[in-house]
Amino acid sequence: MKKALGPLAVLGALLAKFKVLLLPLVKLAPFLKTGGTMLLSIGFYAMAWGWQFAVGFVLLIFVHECGHLIAAKRLGLRVGAPVFIPFMGALIALKEAPRNAWIEAQVGIGGPLLGTVGGVFCYALYRLTGNSLFSALAYTGFFLNLFNLAPIGFLDGGRIVTALSPWFWLVGVVVVGCMMILQFNIILLIIMVMSIPRLFSLFRAKSPEEARYYEVTAEQRLIMGGMYFGLIAFLVLGMMMAYVQHD
């Protein structure tokens, strides 16, 4: 036992000796995780579309995720730092579940709201400079946020409509299903598969606690509905304005 545990004791002594150097790295870990995965994503996207578009695209995703982060923090929820996944986007992990559908919807809509601001900023740069890179980023930013508003599963729209009616998830299945038929994409298939548990929950009996989760006042439902459908209309208009026909 002494021979087996001896190396561990030495390692423990070394860690204790160098804890002054290790503690700052532990504190910086969330920033390193976000920054490292951002750089990785930029590298992958740059291979497909060039580094300038890649940088702008990843920044738009970052702005979108910051919207979720700000909304969650405002509501007192503990969240992790954003993590980027190449060709899948990014995510922030909620370290505690929302207490009800109204809170879940507010966190869900925070990303598309701030993400839309990012798209508008890119469009403004295009109008000022005439650089088509910014029109491409604006169009992509608007589309990215519009797609995320699809009312299905873990997409932002799926979280938002919990405050309207969970039955909107069926509409999301139709939307994503049509997109898969028109142009199959593995990401759409993943979204559909990961949405199955929530879809099944629509057709089973709910406990009193689960039923209370979806209790939303008429005023809250009206506010969230106005924001949700208004944002969809604005993003569609934004895509039409930012679209540039190239030869």
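### Structural notes on a nonpolar patch on the surface
There is a patch of nonpolar side chains on the surface, built from Ile-85, Met-88, Leu-91, Phe-154, Phe-184, Ile-186, Leu-189, Ile-190, Val-193, Met-194, Ile-196 and Phe-200 and spanning about 1100 Å² of accessible area. Listing elements by their share of the nonpolar patch, those giving two or more residues are helix H8 (186-194) and helix H9 (196-201). Among the elements that make up the nonpolar patch, the one with the highest residue count is H8 (five residues). With respect to the helices and strands, the residue Met-194 is situated in helix H8.

### Structural notes on the side chain of Ser-41
Tracing the backbone through its elements, the reader meets Ser-41 in helix H2 (residues 19-49). Since its relative accessible area comes to 1%, Ser-41 is described here as buried. Contact partners of Ser-41, with chain neighbours within four places excluded, come to Val-58, Phe-84, Ile-85 and Pro-86.

### Details of the layout of surface pockets
Of the pockets and cavities examined, the largest pocket occupies roughly 1300 Å³. Lining the largest pocket are 37 residues, and of these Met-88, Gly-89, Leu-144, Phe-147 and Asn-148 sit closest to its centre. No other element matches helix H3 (residues 51-74), which puts six residues into the lining of the largest pocket. Here the residues of the lining of the largest pocket are counted per class, giving 26 nonpolar, eight polar and three charged. Estimated volume of the second largest pocket: approximately 180 Å³. If you go around the second largest pocket, the residues you meet are Trp-169, Arg-198, Ser-201, Arg-204, Lys-206, Glu-210, Tyr-213 and Tyr-214. Every element with two or more residues in the lining of the second largest pocket is listed here: H9 and helix H10 (208-213). Broken down by class, the residue content of the lining of the second largest pocket amounts to three nonpolar, one polar and four charged.

### Some points on helix H7 (residues 168-182)
The periodicity of an α-helix, 3.6 residues per turn, causes residues three or four positions apart to be oriented the same way. The end-to-end C-alpha distance of H7 is 22 Å, a good match for the 21 Å that 15 residues give at a rise of 1.5 Å each. Residues of H7 that are buried include every one of Trp-169, Gly-172, Val-176, Gly-177 and Met-180, and no others. Along the axis of H7, the buried residues cluster in a sector spanning 130°; they form a single face. Of the exposed residues in H7, those oriented more than 90 degrees away from the buried face are Val-174, Ile-181 and Leu-182. Looking at the packing, one finds that the buried side of H7 touches helix H6 (156-160), H8 and H9.

### With respect to the packing of H3 against helix H4 (residues 101-129)
Contact geometry for H3 and H4: axes closest at 7 Å, N-to-C directions at 140°. Classified by chirality, the crossing of H4 by H3 is right-handed. Residues Leu-60, Val-63, His-64, Cys-66, Gly-67, His-68, Ile-70, Ala-71, Ala-72 and Arg-74 of H3 form the contact with H4, whose own contacting residues are Gln-106, Val-107, Gly-108, Gly-110, Gly-111, Pro-112, Leu-114, Gly-115, Gly-118, Gly-119 and Cys-122. Residues that form the contact of H3 with H4 fall into these classes: ten nonpolar, ten polar and one charged.

The rules behind these values
- Residues numbered from 1 in each chain as written.
- Predicted model: local features only at pLDDT ≥ 70, side-chain atom pairs only at ≥ 80, totals over all residues.
- Heavy atoms only, no water.
- Patch = residues over 30% accessible without salt bridge, like charges linked within 9 Å, V, L, I, M, F, W, Y side chains within 5 Å.
- Areas by Shrake-Rupley, 256 points an atom, 1.4 Å probe, with all protein chains shown as cover.
- Salt bridge = Lys/Arg side-chain N within 4 Å of Asp/Glu carboxyl O.
- Helix = DSSP H or I, 4+ residues; strand = E, 2+ residues; numbered from the N terminus.
- Buried < 20%, exposed > 50% of the residue type's maximum accessible area, 1.4 Å probe, protein only.
- Contact = heavy atoms within 4.5 Å.
- 1 Å grid on protein atoms, 1.4 Å probe; cavity = no way out; pocket = protein on both sides within 12 Å on 5 of 7 lines; lining within 4 Å.
- Points joined across faces, edges and corners; volume = space filled by probe spheres on them.
- Nonpolar A, V, L, I, M, F, W, Y, C, P; charged D, E, K, R; others polar.
- Expected span 1.5 Å × (residues − 1).
- Arc of directions from axis to C-beta.
- Axes fitted to C-alpha atoms, helices over the stretch in contact; angles between N-to-C directions.
- Left-handed = near helix turned anticlockwise from the far one by under 90°.

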